[in-house]
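Each chain, letter by letter, is given below.
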Protein chains: 2
Amino acid sequence: MKRHGTRIQTVMAEIQARIASRTYTPGIRVPSVRAMAQAMQVSVSTVLEAYERLMAEGVLSARRGSGFYVAGPVAPLALTELGPRLDRDVDPLWISRQALETSSDALKPGCGWLPASWMFEAGMRKALRNVARSDTLQLAEYASPLGHPPLRQFLSRRLAGIGLQAPLEQIMLTESGTHAIDLICRFLLQPGDTVLVDDPCYFNFHALLKAHRVNIVGVRYTATGPDIDAFAAALLAHTPRLYITNSGIHNPTGASLSAVTAHRLLKLADSSSLVIVEDDIFGDFEHTPAPRLAAFDGLARVIQIGSFSKTVSASIRCGYIAARSEWIESLVDLKIATTFGGGRLAANIIHQAITDGGYRKHMESVRQRLAEAMDSTVARLQAIGIKPWRVPQAGMYTWCQLPEGKDAAALARACLSEGVVLAPGNAFSQSMTAGDFLRFNVAQSGDARIYEVLKRALGA
Amino acid sequence: MKRHGTRIQTVMAEIQARIASRTYTPGIRVPSVRAMAQAMQVSVSTVLEAYERLMAEGVLSARRGSGFYVAGPVAPLALTELGPRLDRDVDPLWISRQALETSSDALKPGCGWLPASWMFEAGMRKALRNVARSDTLQLAEYASPLGHPPLRQFLSRRLAGIGLQAPLEQIMLTESGTHAIDLICRFLLQPGDTVLVDDPCYFNFHALLKAHRVNIVGVRYTATGPDIDAFAAALLAHTPRLYITNSGIHNPTGASLSAVTAHRLLKLADSSSLVIVEDDIFGDFEHTPAPRLAAFDGLARVIQIGSFSKTVSASIRCGYIAARSEWIESLVDLKIATTFGGGRLAANIIHQAITDGGYRKHMESVRQRLAEAMDSTVARLQAIGIKPWRVPQAGMYTWCQLPEGKDAAALARACLSEGVVLAPGNAFSQSMTAGDFLRFNVAQSGDARIYEVLKRALGA
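Numbering of residues starts from 1 in each chain and follows the order in which that chain's sequence is written. Here the convention is simple: chains get letters from A, ligands get numbers from 1, in the order in which they are written. Predicted model: local features are reported for residues with pLDDT of at least 70 only, side-chain atom pairs are reported and counted for 80 or more only, and whole-chain, interface and lining totals are derived from all residues. No hydrogens and no water enter the side-chain calculation; it runs on all heavy atoms of the structure.

Engineer: Before we move on, could you go through the relation of the copies chain B and chain A and cite the residues and values that matter?
Structural biologist: Think of it as a corkscrew move, a rotation about one axis and a shift along it, taking one chain copy to the other. We place the copies in one frame by least squares, fitting the C-alpha atoms of every residue whose pLDDT is at least 70 in both. The two copies are related by a screw operation: chain B maps onto chain A through 180° of rotation and 1.2 Å of translation along the axis, at an RMSD of 2.1 Å. On the angle and the small slide along the axis, the relation comes out as a two-fold axis. A share of 100% of the interface residues of chain B reappears at the interface of chain A, consistent with the copies meeting face to face through the same patch. Contacts were defined at the residue level, with two residues in contact if any of their heavy atoms lie within 4.5 Å.

Listed below in structure tokens is the structure:
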């Protein structure tokens, strides 16, 4: 028995030594029990016992069907420590926090939303005054599980306008667009599942998916949607559970999905169990509506989500999910379990604002202003050697390439010290191949000082 | 080799048979490799191989440091299918959905909140009118990552009032109290971890924890807090990561934590890595403040959360977390990743309402009304043979026992068909030992028809 005990400790010490020397890093699979037994000339039960003790100590962990792993950074879950550690400058959370934290007089061409002065302020004030006079239940009670019926009615009609039949019972309100995607991830994903995203994509998709401890695989994005060959290859190679994308106006490129890409993509998905989340948050910015995956698919495998934070107000939180009715049932349970009653007052205010006669006019004016800002921003960027990848048809984003040899993360660091918040490309890129790209928000790029700071930093 | 192969299959078949016969249900730990080898008279490596094949087939899963388990139902995550399947009547989600869905003229003594007419309606109307006149940023911009500073300032002062020093940087706003707990669970827990709850406890803790796929262990709740011996035993037996409780007024019993229990509980926790979440949602209902774990502990291992949905309005969503500063950092990242910017407008409205001179008067009147409603409800329940476990000092809940031989789930079903929503005891009980208990909300129990329906159903 003593010798058995000693042998166990030898195996344990060997594993510990390899971890200490960084030969084995967190997440790495250690040799199988059998292989280790052979390698160390001990019995299988010795190795098993050693591995079990290391599991008890939290050094190893086991995964269903695939053996023993060096325990990853365990709870507490620090998002900044999951996945390869990036420069904090291109960490997805860096841009969010910079944009949310920096004082309101900082210049924020990297920010993902419109300046407050472009939002539907008059409509919000009016909606708040109206809601102040609404009945007691509206003011004091929880929402029903699916959420404020008049807003769902409005959404059902709006979705019909883009060719999507979604009855009231298939629409659930959420606390935000991000919250909508988060609920869907909780519903569909388990740690270790694979999720496809566009490369580049909205950087917070990376942060959100990290929180679900899933594998993220990027698919190259083209001017008309994801690269179909790359998409087919990723489906085969990774059997992903989910694909998350923006149709309409794509973040960060400003590109739009074409009908032919939408059709091919759904045909490819036919032979898989893939679920697709279509984030339609920028729909109201379009001049001409692009195809929607959800409309082509009829809410079979596509779930559409959206919110009002980019058009009405970011200060009030409200989003939605449109999906198959049996999925909505489970999503409602999850919503109640994790946030309890939804924001009835928020939904009521949003509904008042968005059905206000002034909303359509407000959005017309926003689209017009964005078109003008797009032209002037692109011209000013080109003048200092920053080239747009494509000039988008609509929306607030332009995805731009730096002069050769320039690094966007270094530029972002330099500009931040002069009070300009940029959005460096690799925060959007799962493959980290966008190191010379930046996303500009044309609505936040009107100030001449931005170009002075950029020019100076590029010259340095 | 053939015999070894046959033996492996015998072990596999045995496990499969026990699962098929429901002897082993999802989440159950199967015998250790050693114990199974002894029981089936085969070698350890035979059992290991059998278990590994069952893991590869998704039948078993392994957890760090604690062996092999029958794999739970996999994604999609249907909360109603996690854990032992209950009567839908005592499913934690059943009460939530009944209370949230049933038309507002139904009688809801089982509901967990005040009637809308008891809420701070005048304050809400005034706050909405004020906010309608606030500046553009308040109306249109995202909140800062920690949330609306004036509300955090208010909370910091209020926490100081119960003996808890929490500077502004240690307070983060959330979308609700439930959202606060959910974020903490995401931060601290991994699937398979163990969490202690009070037995009985707020039923939505069960639903929320199921969504995190953790093991839930109940600790008997007494008139002065959790049973300290049971708590000590659970700490030893399960090395739980988290304990979630209400101090102040306990849901569903209405009991209050005593200073001696608080002190002993924290002393026990000293020799463990346990984190404690103290849900202080009912603090404003107390006549005399009970001890708070967070105040005794100084926010070392205790995290305090709360919200305003029980006192100001349930229609507007806003909660908070007070915790160690390094934990707040990670919680902010998680909040941004999963919900992005918080509800600035909601926090602003809540801050306006709660700092309104009328709020204190409003709460005084609510406490007075609750005290009267408690007396009359208890008297009326006793008249039909339903006995309070204890008569609470404050709050809206009384936890009551049915006459011998009566089943609360059956009673709930019978009363629902007559338009009365009850809260049967086992929804609150992890051990399912409260089958003859009901939680009554005295503020929702004023209507004489409730007692007629109850009496008839009890007589049947």
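Engineer: Explain the pattern of salt bridges residue by residue, including any values.
Structural biologist: For this document, the term salt bridge refers to a Lys or Arg side-chain nitrogen within 4 Å of an Asp or Glu carboxyl oxygen. Applying the stated criterion to the full structure yields 25 salt bridges over all chains. Glu14 of chain A is paired through a salt bridge with Arg18 of chain A; the nearest N and O atoms lie 2.7 Å apart. In this pair, Glu14 of chain A and Arg18 of chain A both sit in helix α1 (residues 2–20), 4 residues apart, roughly one turn of the helix. When the shortest N-O distance is used, the salt bridge between Lys126 of chain B and Asp356 of chain B registers 3.0 Å. You can see Lys126 of chain B sitting in helix α5 (residues 121–132) and its partner Asp356 of chain B sitting in the loop between α14 (344–354) and α15 (357–383), a full 230 residues away along the chain. For each residue, the accessible area found with a 1.4 Å probe, counting protein chains only, is set against the maximum for its type, and the residue is called buried under 20%, exposed over 50%, and partly exposed in between. Residue classification places Lys126 of chain B among the partly exposed positions, given a relative accessible area of 40%. When salt bridges that share partners are traced, they join Arg34 of chain A together with Glu49 and Arg53 of chain B into one network. The helix and strand labels rest on DSSP assignments: H or I over at least four residues marks a helix, E over at least two residues marks a strand, and numbering proceeds from the N terminus.

Engineer: Residues and numbers for the sheet that holds strand β5 (residues 215–222) of chain A, please.
Structural biologist: All names here are of chain A. The criterion for strand pairing is that DSSP finds at least two bridges linking the strands in question. Spatial ordering of the open sheet is given by β3-β10-β9-β8-β7-β4-β5-β6, a layout of 8 strands whose pairing is mixed. The open sheet has two edge strands with one neighbour each: β3 (171–174) and β6 (225–226). As paired strands, strand β8 (residues 275–279) and strand β9 (residues 302–307) are joined by 4 bridges and run parallel to one another. Looking across to β9, one finds that Ile276 is bridged to Val302. Axes, fitted as lines to C-alpha atoms, cover a helix only where it is in contact. Angles between the N-to-C directions of the axes lie from 0 to 180 degrees. Against the sheet, helix α7 (residues 149–161) engages β3, β9 and β10 (319–322), with an angle of about 120° to β3.

Engineer: So, the packing of aromatic side chains: which residues are in play, and what are the values?
Structural biologist: Residues and elements named next belong to chain A. Paired rings are identified among Phe, Tyr and Trp, the last through its six-membered ring, by centres lying within 6.5 Å, and are further divided according to the angle between planes into stacked (under 30 degrees), edge-to-face (over 60) and tilted (the rest). The final tally for this structure, using the stated rule, is 28 aromatic pairs over all chains. Ring centres of Phe187 and Trp327 lie 6.3 Å apart, and the angle between their planes is 65°; this geometry places the pair in the edge-to-face category. With Phe187 in helix α8 (residues 177–188) and Trp327 in helix α13 (residues 325–339), this pair connects stretches of sequence that are 140 residues apart. Take Phe187 and Trp327: they sit in the same class, and that class is buried. Aromatic side chains Phe282 and Tyr397 sit 5.4 Å apart centroid to centroid with 85° between the ring planes, which places their arrangement in the edge-to-face category. Highlighted residues: Phe282 in the loop between β8 and α12 (293–297) and Tyr397 in strand β12 (residues 397–401), separated in sequence by 115 residues. The exposure class of Phe282 is buried, given its relative accessible area of 4%. Through a chain of ring-to-ring contacts, the aromatic side chains of Tyr202, Phe203, Phe205, Trp399, Phe428 and Phe437 assemble into a single cluster. Over the ring of Trp327 we find Arg324; its NZ or CZ atom is 5.0 Å from the centre of that ring. In this analysis the charged atom, NZ for Lys or CZ for Arg, is taken to sit over a ring once it is within 6 Å of the ring centre and within 35 degrees of the ring normal.

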